[in-house]
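Structural features, examined
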Amino acid sequence: MLLLARRWLGAYISLESVGCLWHRSVASLNYLEGCSANERAGAGEALSGWNAAVCKGIVVYDNVFGDKRGAEEKDKRVLEGERPKVPDFVIDYAPYVYLYSEEIFLPGDIGEHLFHTIPYLNYSPIASSNSHQTLTDLNTLNQYGLNVYLTSEDDPSDPPEWLRGDHNKPIAADSPGLGLSTAPGIVIWVSKPGGIIDAFYFYFYSFNLGNTVGGVRFGNHVGDWEHTAVRFINGKPQSVFFSQHSIGAAYQYAVVEKIGVRPVTYSARGTHANYPTPGEHFYALPFHLLSDVTDNGTLWDVTMNAYIYEWDMTADVLTASVETPGAPTEWFDYGGKWGDRRYPLFDPRQYMVVGQYHWVDGPTGPKSKNLNRKDICQNPGTCIVRSNLATSLEIKEWDTEEVQWPDQNGGVEIDTNDDIAPDL
């Protein structure tokens with residue numbers, strides 16, 4: 001059953017600190033635990049004056065608010081028949097998503113995804129092929145630990161219609177239904193100290209098509225969770241975060257592209273990473289070897305069809321809003337992966353080059369995306385909120401691993417001429 005929610009309108013720093021930050025946090029992508037006391041002492045001041053090129057991914061403090069009371073505490077409002085109403089500004093300023101114009105892996109319905117997957121514990125099925133989890137009992141899989149994988153019943157290397165999401169393509173006609181997809185988006189707002197409300201807009205796709213290096217594709221996986229987040233202070237938008245692979249980037253609300261007052265995010269071809277501008281976006285590897293591509297293709301408006309929730313970060317309780325009271329909540333607590341486990345090398349679909357795999361693990365869900373973050377950025381460390389779109393930088397990570405690519409006849413060239421229906 002579709003749950004429709006429609007928009008209502010509307011200095012001095014020490015050299016040893018610098019050295020520690022660079023070598024441990026940028027070059028090797030390690031945390032600051034290896035730094036000396038003197039090095040750490042200058043870290044905060046160093047970061048406050050540096051550009052984002054150096055700061056991204058540096059861990060100086062944990063980017064989370066305080067301890068939770070415990071998930072066992074129930075939301076009394078729901079027990080008493082009351083539900084929270086989503087603040088108007090959470091919908092009024094919800095981002096629009098431009099899917100890539102030739103995207104073949106379109107938005108996915110999380111309920112439909114469960115119907116076509118079987119939970120596996122590592123490589124062994126937990127349930128029979130005649131038994132599927134639902135959004136109201138997915139959390140029961142937590143009894144098996146975190147190594148549970150929602151494994152596709154179909155071969156992802158020959159993706160069926162449900163995995164591609166063909167029927168979920170948003171309406172493109174210039175009509176009241178413009179941007180409507182049959183795949184529900186996920187909207188979660190979180191109240192925080194200091195008049196802060198962070199609104200998270202999650203986009204699910206049943207398949208992620210990895211990018212290529214030297215004509216070789218890496219990083220395919222079943223299931224794909226991406227998001228944008230808008231930080232509000234006293235109801236006014238301040239900044240926008242765009243998730244990109246395992247990290248992302250934040251910008252001042254004033255500088256991002258908008259349609260009306262609503263920010264615009266561009267979803268990359270295949271990977272669905274989010275960017276504030278169309279074009280080519282380089283990441284992870286030096287010499288522009290690896291890139292995402294975005295353009296203003298089909299517009300997706302997640303507020304046209306969404307599950308809307310409030311998450312109490314202190315009690316760790318997700319509550320469906322009064323606007324979508326029937327939205328299931330149990331799926332949110334599932335701690336396993338939303339796709340297949342990385343295929344072993346003896347599987348004919350799999351290959352590995354210098355530690356990077358053609359097929360990788362499916363992702364974890366929204367609850368693992370640090371919703372109780374102090375800063376608008378997702379990961380721990382210093383959060384740079386950029387004031388200019390021209391300062392967007394290359395991402396320094398690719399699936400959280402450093403990659404050293406072998407020299408191939410003087411260098412590796414990226415294949416930028418993927419077919420519309422690429423070889424998986």
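An unreviewed UniProt entry lists the protein chain under the name Vacuolar protein sorting-associated protein 62, with Discina gigas as the source organism.

1. Description of the overall build of the protein chain
For the protein chain, the helix and strand inventory stands at eight helices and 22 strands. When the 424 residues of the protein chain are sorted by exposure, 52% land in the buried category. Looking at the protein chain as shown, the accessible area adds up to about 18400 Å², and 50% of this sits on carbon and sulfur atoms.

2. Let's talk about the sheet that holds strand E9 (residues 221-233)
Strand order in the open sheet made by the eight strands is E19-E18-E5-E6-E9-E10-E11-E22, with mixed pairing throughout. If you trace the sheet from one side to the other, it starts and ends with strand E19 (317-320) and strand E22 (385-386), each paired once. Where strand E6 (residues 196-208) lies against E9, twelve bridges are found, and the strand directions are antiparallel. In the strand pairing of E9, Asp198 is matched with Arg231.

3. Quick look at the packing of aromatic side chains
If you walk through the whole model with that rule in mind, you get 23 aromatic pairs. Look at Phe105 and Phe207: their rings are 4.6 Å apart centre to centre, the planes differ by 45°, and that puts the pair in the tilted class. Of this pair, Phe105 sits in the loop between strand E1 (96-98) and helix H7 (110-115) while Phe207 sits in strand E6, placing them 102 residues apart in sequence. On the accessibility criterion, Phe207 (0% relative accessible area) is buried. Between Tyr203 and Trp300, the ring centres sit 5.6 Å apart and the planes meet at 55°, which makes this aromatic pair tilted. One end of the pair, Tyr203, is in strand E6; the other, Trp300, is in strand E17 (residues 299-300), and 97 residues separate them in sequence. Judged by relative accessible area, which is 0%, Tyr203 ranks as buried. Overall, the relative accessible area of 1% leaves Trp300 in the buried class.

4. So, the pattern of salt bridges
Side-chain pairing between opposite charges can occur once the charged atoms of the two side chains come close. Taken as a whole and judged by the stated rule, the model has nine salt bridges. Here Lys192 and Asp198 are joined by a salt bridge, their closest N and O atoms 2.6 Å apart. Three or more residues are tied together by salt bridges with common partners; here these are Asp155, Asp347 and Arg349.

5. Quick look at the side chain of Asp340
Within the secondary structure, Asp340 sits in the loop between E19 and strand E20 (352-353). Buried and unpaired, Asp340 has Arg349 as its nearest opposite-charge partner, separated by 5.4 Å. Excluding residues within four positions of it along the chain, Asp340 makes contact with Tyr149, Leu150, Thr151, Ser152, Pro156, Val222, Val360, Asp361 and Gly362.

6. Let's talk about the state of the cysteines
Applying the stated criterion to the full structure yields one disulfide. Across a sulfur-sulfur distance of 2.0 Å, Cys377 and Cys383 are joined as a disulfide pair. Handedness here is read from the sign of the S-S torsion; for Cys377 and Cys383, about 70°, the answer is right-handed. For Cys383, a relative accessible area of 16% puts it in the buried group.

7. Quick word on the sheet that holds strand E2 (residues 117-121)
Remark on secondary structure: sheet strands pair via backbone hydrogen bonds, oriented parallel or antiparallel. Strand order in the open sheet made by the three strands is E3-E2-E4, with antiparallel pairing throughout. Only two strands of the sheet have a single partner each, and these edge strands are strand E3 (124-125) and strand E4 (148-152).

8. Description of the nonpolar core
By size, the foremost hydrophobic cluster in this structure holds 32 residues, and its most contacted members are Ile110, Ile186, Ile188, Tyr309, Trp331 and Trp338. When residues of this core are traced back to their parent elements, those giving at least two are H7, E4, strand E5 (185-192), E6, E9, strand E18 (306-312) and E19. Counting 28 residues, the second-largest nonpolar core is a separate cluster that includes Ala94, Leu106, Ile197 and Trp300.

9. A closer look at the environment of Asp423
Among the structural elements, Asp423 can be located in the segment after E22. Overall, Asp423 belongs to the exposed group, its relative accessible area being 71%. With 266 residues separating them along the chain, Asp423 and Ser157 place their C-alpha atoms 8.4 Å apart.

10. Some remarks on the pairing of E19
Residues of E19 alternate between two faces, with Val317 and Thr319 on one and Leu318 and Ala320 on the opposite face, all of them buried. In terms of strand pairing, E18 meets E19 through four bridges, oriented antiparallel. Bridging from a neighbouring strand, Glu310 pairs with Thr319 of E19.

11. A word on unusual backbone geometry
In this model, His272 sits at a positive phi of 65°, which is unusual for a non-glycine residue. Structurally, His272 is set in the loop between strand E13 (262-267) and strand E14 (274-275). Positive phi is not limited to glycine here, since Asn370 has a value of about 60°. Looking at the element boundaries, Asn370 is found in the loop between strand E21 (356-357) and E22.

12. Side note on the side chain of Asn305
Structurally, Asn305 can be placed in the loop between E17 and E18. Take Asn305: its relative accessible area is 2%, and that puts it in the buried class. Within the local environment of Asn305, its side chain forms a polar contact with the backbone oxygen of Ser181, the two atoms lying 3.0 Å apart.

Rules behind the numbers
Residues numbered from 1 in each chain as written. Predicted model: local features only at pLDDT ≥ 70, side-chain atom pairs only at ≥ 80, totals over all residues. Heavy atoms only, no water. Helix = DSSP H or I, 4+ residues; strand = E, 2+ residues; numbered from the N terminus. Buried < 20%, exposed > 50% of the residue type's maximum accessible area, 1.4 Å probe, protein only. Areas by Shrake-Rupley, 256 points an atom, 1.4 Å probe, with all protein chains shown as cover. Pairing = 2+ DSSP bridges. Phe/Tyr/Trp six-rings, centres within 6.5 Å; stacked < 30°, edge-to-face > 60°. Salt bridge = Lys/Arg side-chain N within 4 Å of Asp/Glu carboxyl O. Lys, Arg positive; Asp, Glu negative; His and termini not counted. Contact = heavy atoms within 4.5 Å. Disulfide = S-S within 2.5 Å. Core = buried A, V, L, I, M, F, W, Y, C linked by side-chain atoms within 4.5 Å. Polar contact = N/O pair within 3.5 Å; in protein donor to acceptor, adjacent residues only side chain to side chain.

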